[in-house]
Amino acid sequence: MEVKRRTARSLVAKLGSVSQQTRTEALCELRLISKHDSDSRPLIADAGAVPYLSETLYAATPLEQENAAATLLNLSISNRQTLMSTRGLLDAVSHALRSPSSSPAAVQACAATLYSLLVIDDYRPIIGAKRDIVYALVDIVRTPHAPPRSIKDALKALFGISLYPLNRAAMVELGAVTALFSLAVKDGRVGIVDDATAVIAQIAGCEESGDAFRRVSGIGVLVDLLDPCTGSSPRAKENAVSALLNLVQCGGDRIAGDIREAGIGLYDGIGVVAERGSPKGKGKAFSLLKLLDGGREPRFASNLGREYS
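Predicted model only: the values in this text are computed from it and were never measured. (Residues numbered from 1 in each chain as written. Predicted model: local features only at pLDDT ≥ 70, side-chain atom pairs only at ≥ 80, totals over all residues. Heavy atoms only, no water.)

Engineer: For this particular structure, what's the right way to read the overall build of the protein?
Structural biologist: Counting its secondary structure elements, the protein contains 20 helices and 0 strands. When the 309 residues of the protein are sorted by exposure, 51% land in the buried category. The long-range share in the protein, meaning contacts at least 24 apart out of those at least 6 apart in sequence, stands at 67%. Carbon and sulfur atoms make up 52% of the accessible area of the protein, which amounts to about 14,400 Å² in all. For the protein, the distance from the average position of its 36 positive side-chain charges to the average position of its 33 negative side-chain charges is 2 Å. (Helix = DSSP H or I, 4+ residues; strand = E, 2+ residues; numbered from the N terminus. Buried < 20%, exposed > 50% of the residue type's maximum accessible area, 1.4 Å probe, protein only. Contact = heavy atoms within 4.5 Å. Areas by Shrake-Rupley, 256 points an atom, 1.4 Å probe, with all protein chains shown as cover. Lys, Arg positive; Asp, Glu negative; His and termini not counted. Charge placed at Lys NZ, Arg CZ, Asp CG, Glu CD.)

Engineer: Sorry if this is basic, but what is going on with unusual backbone geometry here?
Structural biologist: When glycine is set aside, most residues are seen to have a negative phi, and most peptide bonds are trans. Residue H145 is not a glycine yet carries a positive backbone phi of 65°. Relative to the helices and strands, H145 resides in the loop between α10 (131-142) and α11 (148-162). Residue H145 is classed as exposed on the basis of its relative accessible area of 82%. Although it is not a glycine, S217 adopts a positive phi angle of roughly 55°. Residue position: S217 is located in the loop between α15 (209-215) and α16 (218-226).

Engineer: How do you make sense of the side chain of S54 when you look at a structure like this?
Structural biologist: Residue position: S54 is located in helix α4 (residues 49-56). Residue classification places S54 among the buried positions, given a relative accessible area of 5%. In this structure S54 touches L72, G88, L89 and A92, once residues within four positions along its chain are discounted.

Engineer: Teacher, can you tell me more about the pattern of salt bridges here?
Structural biologist: Side-chain pairs of opposite charge can arise where the charged atoms are in close proximity. Summed over the entire model, instances satisfying the criterion amount to 13 salt bridges. In this structure, the salt-bridge partner of D37 is K4, at a minimum N-O distance of 3.2 Å. Of this pair, D37 sits in the loop between α2 (20-36) and α3 (40-46) while K4 sits in helix α1 (residues 2-14), and the two are 33 residues apart along the sequence. Under the relative-accessibility criterion, K4 is labelled partly exposed at 32%. K130 serves as the salt-bridge partner of D91, at 3.2 Å between the closest nitrogen and oxygen. Of the two residues, D91 is situated in helix α7 (residues 89-98) and K130 in the loop between α9 (124-128) and α10; the sequence distance between them amounts to 39 residues. Given a relative accessible area of 36%, D91 falls into the partly exposed group. One connected set of salt bridges, linked through shared partners, spans D211, R214, R254 and D258. (Salt bridge = Lys/Arg side-chain N within 4 Å of Asp/Glu carboxyl O.)

Engineer: Any chance you could explain the packing of aromatic side chains here in plain terms?
Structural biologist: Aromatic ring pairs are described here by two measures, namely the spacing of the ring centres and the angle between the planes. Under the counting rule described, the total for this entry stands at 1 aromatic pair. Measuring from centroid to centroid gives 5.0 Å for F181 and F213, while their planes differ by 85°, and the two rings are edge-to-face. Placement of the pair is F181 in helix α13 (residues 176-186) and F213 in helix α15, with a sequence separation of 32 residues. With a relative accessible area of 2%, F213 lands in the buried category. (Phe/Tyr/Trp six-rings, centres within 6.5 Å; stacked < 30°, edge-to-face > 60°.)

Engineer: It is not clear to me how the nonpolar core should be interpreted in this structure. Could you clarify?
Structural biologist: Note on soluble globular proteins: their nonpolar side chains tend to be buried together. L97, I127, L137 and L222 are the most contacted members of the largest nonpolar core, which has 93 residues in total. The element contributing the most residues to this core is helix α17 (residues 234-260), with 10 residues. Setting aside its immediate chain neighbours within four residues, I127 contacts M84, L90, L114, L117, L118, I133 and I161. (Core = buried A, V, L, I, M, F, W, Y, C linked by side-chain atoms within 4.5 Å.)

Engineer: Help me understand the packing of helix α5 (residues 62-76) against helix α8 (residues 104-117) in this model?
Structural biologist: Angle between the axes and distance between the axes are the two parameters that describe a pair of packed helices. Relative orientation of the contacting elements α5 and α8 amounts to 20°, with a least axis distance of 8 Å. Relative to α8, α5 is oriented roughly parallel. As α5 packs across α8, the resulting crossing turns out to be left-handed. Across from Q65, E66, A69, A70, L72, L73 and S76 in α5, the residues of α8 making contact are A105, A106, A109, C110, A112, T113, S116 and L117. (Axes fitted to C-alpha atoms, helices over the stretch in contact; angles between N-to-C directions. Parallel < 35°, antiparallel > 145°, perpendicular 65-115°, else oblique. Left-handed = near helix turned anticlockwise from the far one by under 90°.)

By themselves these figures say nothing about function.
This is how it looks when you write it as structure tokens:
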């Protein structure tokens, strides 16, 4: 372990070199070590690497920026507190996400780093308060021809941000609803649609979401996802149910009325989730049906009522 500690200190010291080649070589080694040797990650962080890596996200050289972003992602697995306590880290990540000169690999690594940090509940309000970060993630999602990996990592980060209820209104204000529904409608890749609808379901849980969903015909899109003919995945169907339930709970009778107008096919789709979904999905489907039916227990789900009501 002492050898690993000395190696980490030596490489981190080289990050402060005036020689670009020395810095680049050190970054390459740190990236590889932090990826393949979990024991070395805290040693690299303790050696003071994070401030150097953070500063390197502003680098004009794509290779340096990519290696710094990837190393931060690797370190975030076991050193989240060190990253979050480093002054200027989130600003540097925001810059890398927004800069036109950033490579797709650097953008992807920064988005994935945010998702890793957002695993911790206490970090969600801090990161969500950074409007430039939220906007940058939304921008990735709505950018035509963005790399799939970048979109997926941005969606995961947005999901983590949306788990803190007070972040949702800002996400609506910054255009997340339009971007997410556009992705859900136009992107045929199952994994991306699943991730997009997962974020939609969370954002639906705020008062501001009702009007935003109405402007993009969001309820209609969610109902279509429940239609067996659309071929949406079971996860997307459960996310659609969750979104509709959150909309009704936040928007009351007005939203419930809009949903009821979707017709009998809606109830069939919710019923499928109530009967065949995951335990969590069944419970939400039953709750939604009950709300739409004025609080009465759905006839076909009398056996589910005992379990989930």
